[in-house]
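One letter stands for each residue in the lines below.
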Amino acid sequence: MPIKNTDIRNPIILKIDTNTPKSFLGSTMIKSQHLVLKHMPNNLDHARLAIQITKKACKLAVTRNKIRRTIREDFKKNLSMCPPFDILILITNKIHSEKFKISDILMQEWKQSLKSLLKPLSG
């Protein structure tokens, strides 16, 4: 089932709705401690990103939004290296750390997951 993008202002960001996780059921997964990255090929010439962070993982909306912004910014920087994939990032495990360190922890995991995603393409 193809994923439709409803955000015409930013075509590389996928909007999350109730069917988005179902669309990634048969996709390839890269797991880390707090982050799960699911990806599947799309028929476009660029990659697209969706981020889902549960309230259980991070209670404060300010922190969740900061995480989304920093991951999106890093994704945009590396967009030219990414293959045409739809990427879903799921953060569901509770992160036991101070609120100002949570973003740093997840950014490290995101960068490791992105390297794992790009490794088969470069090698």
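Nothing here was measured: the structure is a model prediction, and the numbers come from that model.

Brief notes about the nonpolar core
One broad rule of soluble globular proteins: the nonpolar side chains tend to lie buried together.
And then number 1: If you look at the biggest cluster of nonpolar residues, it comprises 27 residues, and the most contacted ones within it are I89, I91 and W110.
And then number 2: Listed by contribution, the elements that provide at least two residues to this core are β3 (48-53), α2 (61-77), β4 (85-91) and α3 (99-122).
And then number 3: No other element matches the seven residues that α3 contributes to this core.
And then number 4: Those residues in contact with I91 that sit more than four places away from it in its chain are H34, L35, Q52, I53, T54, A57, I67 and L106.
And then number 5: One finds L14, V36, A50 and L90 within the second-largest nonpolar core, a separate group that totals seven residues.

Overview of the side chain of R68
And then number 1: Tracing the sequence through the fold places R68 in helix α2.
And then number 2: The class for R68 is buried, based on a relative accessible area of 18%.
And then number 3: Engagement of the side chain of R68 in a polar contact is seen with the side chain of N65, the distance being 2.9 Å.
And then number 4: The residues touching R68, leaving out its near neighbours within four places in the chain, are I51 and I53.

Overview of the sheet that holds strand β1 (residues 28-31)
And then number 1: Read across the sheet, four strands follow the order β1-β2-β4-β3 without closing on themselves; strand pairing throughout is mixed. Two strands close off the open sheet at either side, each with one partner strand: β1 and β3. Neighbour-to-neighbour, the strand axes of this sheet turn through a mean angle of 20°, independent of strand direction.
And then number 2: Strands β3 and β4 of the sheet are contacted by α2, whose axis makes an angle of about 160° with β3.

Comments concerning the environment of N78
And then number 1: Note on placement: N78 falls in the loop between α2 and β4.
And then number 2: For N78 and L114, which are 36 residues apart along the polypeptide, the C-alpha to C-alpha distance reads 9.1 Å.

Describing the confidence of the model for the protein chain
And then number 1: Considering every residue of the protein chain, the mean pLDDT works out to 78; 82% of them sit at 70 or more.
And then number 2: Within the protein chain, the element-level pLDDT minimum falls on α3, averaging 72, and the maximum on β3, averaging 88.

Section: the pairing of strand β2 (residues 36-41)
And then number 1: Extensive coverage of β2 is indicated by the burial of five of its six residues.
And then number 2: Here four bridges tie β1 to β2, and the two strands are oriented antiparallel to one another. Across the sheet, the residue bridging to K31 is V36, located in β2.
And then number 3: With antiparallel pairing between neighbouring strands as the criterion, β1 and β2 make up a hairpin whose turn holds four residues.
And then number 4: Alignment of β2 against β4, held across six bridges, turns out to be antiparallel. Bridging across to β4, P41 finds its partner in F85.

Examining the pattern of salt bridges
And then number 1: Throughout the structure, instances matching the rule amount to two salt bridges.
And then number 2: In this structure, D86 and R48 form a salt bridge, with 2.8 Å as the shortest nitrogen-oxygen distance. Within this pair, whereas D86 is found in strand β4, its partner R48 is found in strand β3, the two being separated by 38 residues in sequence. Of the two residues, D86 and R48, neither departs from the other in class, the shared state being buried.
And then number 3: Put simply, K111 and D74 hold a salt bridge, and the shortest N to O gap is 3.6 Å.

Rules used throughout
- Residues numbered from 1 in each chain as written.
- Predicted model: local features only at pLDDT ≥ 70, side-chain atom pairs only at ≥ 80, totals over all residues.
- Heavy atoms only, no water.
- Core = buried A, V, L, I, M, F, W, Y, C linked by side-chain atoms within 4.5 Å.
- Buried < 20%, exposed > 50% of the residue type's maximum accessible area, 1.4 Å probe, protein only.
- Helix = DSSP H or I, 4+ residues; strand = E, 2+ residues; numbered from the N terminus.
- Contact = heavy atoms within 4.5 Å.
- Polar contact = N/O pair within 3.5 Å; in protein donor to acceptor, adjacent residues only side chain to side chain.
- Pairing = 2+ DSSP bridges.
- Axes fitted to C-alpha atoms, helices over the stretch in contact; angles between N-to-C directions.
- pLDDT = per-residue confidence, 0-100.
- Salt bridge = Lys/Arg side-chain N within 4 Å of Asp/Glu carboxyl O.

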